[in-house]
Amino acid sequence: MQQETMKYVKQQWSALVSFMGGEDKKKKREAIFEMALFLVLGILLGITLKTEAVRRITIGFNDYKLASQKNAYDVEEMKKNLDAQAQSDQAAQVDNSQPQQ
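Here the structure is a predicted model, which is why all the values come from computation and not from measurement.

Asks: So what's going on with the overall build of the chain? Residues and values would help.
Replies: Scanning the chain for helices and strands turns up three helices and zero strands. Walking the chain from its N terminus toward its C terminus, one meets helices and strands in the order α-α-α. Within the chain, buried positions represent 3% of all 101 residues. When the accessible surface of the chain is split by element, carbon and sulfur atoms take 59% of a total near 10300 Å².

Right, dumping it as structure tokens:
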């Protein structure tokens, strides 16, 4: 595995050297094509990472500038309603638990 990797690196290096020297047009085209593929791959990888980061990261530097939204629920009103409902349920239970005469 390591020998194959070293062989590939040497091949790429020789392609780059020949590209710089302008020795062989075919090797030059191959090197340009590979560099273009790496560029496209880098751009696509960058777009993908940015898209995923926007989806997953929920806080940012400028979040304090956002206008706060009104809550959809009024907690105090809900608490009052639940207390009233609990009292009425408790009163109903007391009425039901008393023996009828």
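Here the narrative resumes.
Asks: I'd love a proper account of a positive patch on the surface, names of residues and values included.
Replies: A grouping of Lys 25, Lys 26, Lys 28 and Arg 29 is seen on the molecular surface, where their side chains present a positively charged patch. On the secondary structure map, Arg 29 appears in helix H2 (residues 25-56).

Asks: With reference to specific residues and values, describe the confidence of the model for the chain.
Replies: Across the chain, the average pLDDT comes to 80, with 81% of residues at 70 or higher. Element-level mean pLDDT values for the chain span from 75 in helix H1 (residues 2-21) up to 89 in H2.

Parameters and conventions
- Residues numbered from 1 in each chain as written.
- Predicted model: local features only at pLDDT ≥ 70, side-chain atom pairs only at ≥ 80, totals over all residues.
- Heavy atoms only, no water.
- Helix = DSSP H or I, 4+ residues; strand = E, 2+ residues; numbered from the N terminus.
- Buried < 20%, exposed > 50% of the residue type's maximum accessible area, 1.4 Å probe, protein only.
- Areas by Shrake-Rupley, 256 points an atom, 1.4 Å probe, with all protein chains shown as cover.
- Patch = residues over 30% accessible without salt bridge, like charges linked within 9 Å, V, L, I, M, F, W, Y side chains within 5 Å.
- Salt bridge = Lys/Arg side-chain N within 4 Å of Asp/Glu carboxyl O.
- Lys, Arg positive; Asp, Glu negative; His and termini not counted.
- Charge placed at Lys NZ, Arg CZ, Asp CG, Glu CD.
- pLDDT = per-residue confidence, 0-100.

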